[in-house]
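Geometric and topological summary
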Amino acid sequence: MSYCILQIALDTPLDSVFDYRWPCASGEEPQVGQLALVNFGRREAVGVIVAIKQDSDVPADKLKDALAVRGQLAPLSGKWLALARFAAGYYHRPLGEVAMPGLPKNLRLSTTVALDRALKKLAKLPDAHDATPADMPVLNPEQQQAADAIGGAAGFSPLLLYGVTGSGKTEVYLQACAQVLARDQHAQILVLVPEINLTPQLEANIRARFPGVMLATLHSSLSEGERMLHWLAAHQGRARIVLGTRLAILASLPHLQLIVIDEEHDPSYKQQEGLRYSARDLAVWRAHQLGIPIVLGSATPSLESWHHAQTGRYRKLELRERAVRDAVLPRVYLIDMERDKPKEGLTPTLVRALRQRLERGEQSLLFLNRRGYAPVLCCESCGWISNCTRCTANMVLHRPERRLRCHHCSLELRIPHACPTCGNIDLQPLGRGTQRIEEGLQALFPEARILRIDADSTRHKGSAQAAFDTVHRGEVDILIGTQMVAKGHDFKKLTLVGVLNPDTALFSQDYRASERLFAQLMQVAGRAGRAGLASEVLIQSRYCTHPLYGAVMRHDYDRFAGDLLAERHQAALPPYMYQALLRAEAPELATAIAFLEGARDAVAADAVTVNDPIPMTMTRVHNVERAQLLVESNSRPALQAFLTAWVDALRAMKSRVRWSLEVDPLDI
């Protein structure tokens, strides 16, 4: 019997593929891209075949036989494997660690029961390829021009859709999608959103517009069975539109013709653990690989995308007016908290504005990006504060649950009856979170219908969507929320937005903090006045003369972005500099620093700056000490060449330190 050698990528930290033997009987030859079950160590594992050879460098007596090849599943395409290889190379991770987590968990099981069941279920579904759109509203001239530019784009065309909040970017996406689907009966479209809670509203819009088209959704809230079914629908080409969060960028889409990235500036597109990839950047590479258009939409584009548009790498499409007739952008006012003294976190001016909306039957939104009751519990007698014993962080007071909770390691403790240091029983909450603001509003407006939406109130599956549906039905007078409510939602009766405590971001050591704060303020301000009602935004601040707030008042992203880019250029920061960050974790900080000092000198650095190691801002998390080392270069190829050699040297270093490398870091 003749044998061939299957080279298989497995989900392991080892940077190699593994050779297995397979009997190549006539008519039963395996194919590159198929999944295979193999013995790996003491366990069975599923991997993807990345090459088929006639011989192996592994001695014949050490070669193992592959256990099975999943013939019932069509192979992953060569272009999908190329995407995985690019991501593995660019982010310096093993190929198997990129390729396999991108597949549904049920597809990686040692048995095929779940796969066979999903294939049978999918086969019974009616074929849905009728791309005739329903209820196509008339676009304004700016929208029509943008939709035609997207729908008619040929080849690789990166398009930055810059539109103010409420300008109808979603409608532009939908009508451009209609053009692409009508032109090719097999065409598939990938639409990415930054957060799970934004998918239901967009999903409903897509289903209403394309009732005859199969839509697949891919995000982490799906059950494993649902994710398997939707992934297979995309892989077989039956799902014409795929809607998902960042993990969907690795979906298998054999007929992909258009990619849409909504809210492209959002940091949620960057994975912060494991394979630290940027879904937005991978999407641009995938569009380039396939020679298709990609749309990056935002009211506050990332500075990287804005810079590309300014230099001509991206084509900029603009929507300067709101889509609803007579709807205008809300007027933004600053409330000086030095003069207008707040009580329970709310200034008299903001309280009056809330009361006016209640009297008129309109809705209000209070935005505070800090959940919990108070950021810290303290003793005014001795100065004790509720520090986490496992992290360099304070434990947040959650008063309704009577708990102190660390938002980094999830440690929970009961609220102490007295100060652990001096015995004082008069412990005070310091600062305000959404729970405390909710309590204050209930005392001020006992007749109002008040709803809080944050990570604490929406822990259960479906609870976030149920809460947003309540707001959309007009059953809420005052909504209090964190960044969950700041983007993507279309609240028809909302005419007032109050922003509480935004000043902390002005003094952050993170050079991206001002960019993120501006985006947050513009996004949350954009929730008001979308249905044509006169609206306003009130921002409480102690630094009303700060230029950032002036730009927000003028809705002037263009000038703000230009000033920030000038600062970045002068300081040699992205997008004018390319960066990578090496993190080290150890039981002792000195151990992590020592590892990074060794790493700093491990490889000669030409055209690359290797900075000294320093502790991370959040030095200790869950009793693990953390440090970091930043590498920079004004040449991306030079940085990548250095990282390739550096990673090999790091893997050869004998150390028990846990380390990770992040390319293009967002948090330093």
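Details of the structure are given in the entry above.
So, here is what we can say about the structure in this document. (Residues numbered from 1 in each chain as written. Predicted model: local features only at pLDDT ≥ 70, side-chain atom pairs only at ≥ 80, totals over all residues. Heavy atoms only, no water.)

Attention now moves to the packing of helix H4 (residues 141-151) against helix H5 (residues 169-183). Between H4 and H5, the least distance of the axes is 8 Å, while the angle of their chain directions is 35°. Our pair here, H4 against H5, has a crossing hand that is right-handed. Across the interface between the two elements, Gln143, Ala146, Ala147, Asp148, Ile150 and Gly151 of H4 pack against Glu171, Val172, Gln175, Ala176, Gln179, Val180 and Arg183 of H5. (Axes fitted to C-alpha atoms, helices over the stretch in contact; angles between N-to-C directions. Helix = DSSP H or I, 4+ residues; strand = E, 2+ residues; numbered from the N terminus. Left-handed = near helix turned anticlockwise from the far one by under 90°. Contact = heavy atoms within 4.5 Å.)

Counted according to the given criterion, the structure contains 36 salt bridges. Its salt-bridge partner being arginine 542, residue glutamate 338 comes within 3.4 Å of it at the nearest N-O pair. Of this pair, glutamate 338 sits in the loop between strand E14 (331-336) and helix H10 (348-360) while arginine 542 sits in the loop between strand E24 (536-541) and helix H14 (547-554); the two residues are 204 residues apart in sequence, bridging distant segments of the chain. We classify glutamate 338 as partly exposed; its relative accessible area is 43%. We note a salt bridge from arginine 473 to glutamate 475, for which the minimum N-O separation is 2.9 Å. Exposure remark for glutamate 475: the relative accessible area of 38% places this residue in the partly exposed category. (Salt bridge = Lys/Arg side-chain N within 4 Å of Asp/Glu carboxyl O. Buried < 20%, exposed > 50% of the residue type's maximum accessible area, 1.4 Å probe, protein only.)

Pairing in this open sheet of 6 strands is mixed, and the strands run E5-E2-E1-E4-E3-E6 from one edge to the other. Two strands in the sheet have a free side with no partner beyond their single neighbour: strand E5 (64-65) and strand E6 (68-69). Here strand E1 (residues 3-9) runs beside strand E4 (residues 43-53); their pairing, made up of 5 bridges, is antiparallel. Across the sheet, residue leucine 6 finds its bridge partner in E4, namely isoleucine 52. (Pairing = 2+ DSSP bridges.)

Attention now moves to the environment of alanine 448. Note that alanine 448 resides in the loop between helix H11 (434-444) and strand E21 (450-453). If sequence neighbours within four positions are ignored, alanine 448 has contacts with Leu358, Asp477 and Ile478.

Secondary-structure assignment places lysine 493 in the loop between strand E22 (478-481) and strand E23 (494-499). Among the residues examined, lysine 493 registers a relative accessible area of 35% and is labelled partly exposed. Once residues lying within four places of it in the same chain are set aside, the contact partners of lysine 493 are Gly361, Glu362, Gln363, Gly474 and Leu533. Looking at lysine 493, its side chain comes within polar contact range of the main-chain oxygen of glycine 361, at 3.4 Å. (Polar contact = N/O pair within 3.5 Å; in protein donor to acceptor, adjacent residues only side chain to side chain.)

Another aspect to go through is the side chain of histidine 308. The residue histidine 308 is located in helix H9 (residues 303-310) in this model. On the basis of relative accessibility, which here comes to 16%, the residue histidine 308 falls in the buried class. In this view, histidine 308 contacts Arg313 and Tyr314; residues no more than four positions away in its chain are not counted.

On to the sheet that holds strand E9 (residues 215-218), then. Read from one edge to the other, the open sheet built from 7 strands follows the order E9-E10-E8-E11-E12-E7-E13, with strand pairing classed as parallel. A single partner strand is all that each edge strand has here, and the edge strands are E9 and strand E13 (315-319). Across the sheet, the axes of successive neighbouring strands diverge by a mean angle of 20°, strand direction being ignored. Two elements, E9 and strand E10 (residues 241-244), share 4 bridges in a ladder whose sense is parallel. Directly across from leucine 215, in E10, lies its bridge partner isoleucine 241. Sitting on the sheet, helix H7 (residues 224-235) is in contact with strand E8 (188-192), E9 and E10, with an inclination near 125° to E9.

With respect to the helices and strands, glutamine 435 occurs in helix H11. Given the relative accessible area of 3%, glutamine 435 is considered buried. Considered as a pair, glutamine 435 and glycine 481 are 46 residues apart in the sequence and their alpha carbons are 9.7 Å apart. For glutamine 435, the contacting residues outside a window of four places in its chain are Gly372, Tyr373, Leu397, His398, Arg399, Pro400, Glu401, Arg452 and Asp456.

Before going further, it helps to examine helix H16 (residues 589-600). Relative to the 16 Å expected for 12 residues at 1.5 Å per residue, H16 spans 16 Å between its end C-alpha atoms, a close match to the ideal helical length. Taken together, the buried positions of H16 are occupied by Ala592, Ile593, Phe595, Leu596 and Ala599. End-on, the buried residues of H16 take up no more than an arc of 160°, which puts them together on one face. In this fold, the buried residues of H16 make contact with strand E25 (578-586), strand E27 (614-621), strand E28 (624-633), helix H17 (636-652) and strand E29 (658-663). (Expected span 1.5 Å × (residues − 1). Arc of directions from axis to C-beta.)

Helix-helix packing is described using two parameters, namely the angle between the two axes and the distance between the axes. Look at helix H1 (residues 78-91) against helix H8 (residues 279-290): their axes get within 11 Å of each other, and the N-to-C directions meet at 135°. Considered as vectors, H1 and H8 are oriented oblique to each other. The two elements H1 and H8 meet at a crossing, and its hand is right-handed. Side by side, H1 and H8 meet where Lys79, Trp80, Ala82, Leu83, Phe86, Ala87 and Tyr91 of the first sit next to Asp281, Leu282, Trp285, Arg286, Gln289 and Leu290 of the second. (Parallel < 35°, antiparallel > 145°, perpendicular 65-115°, else oblique.)

Quick look at helix H3 (residues 113-124) now. The end-to-end C-alpha separation of H3 is 17 Å, in line with the 16 Å expected for 12 residues at 1.5 Å each. Residues of H3 that are buried include every one of Ala114, Leu115, Ala118, Leu119 and Leu122, and no others. One face of H3 carries all of its buried residues, which in axial projection span an arc of 130°. Turned more than 90 degrees away from the buried face of H3 sit Arg117, Lys120, Lys121, Ala123 and Lys124, all of them exposed. Those residues of H3 that are buried are in contact with H7.

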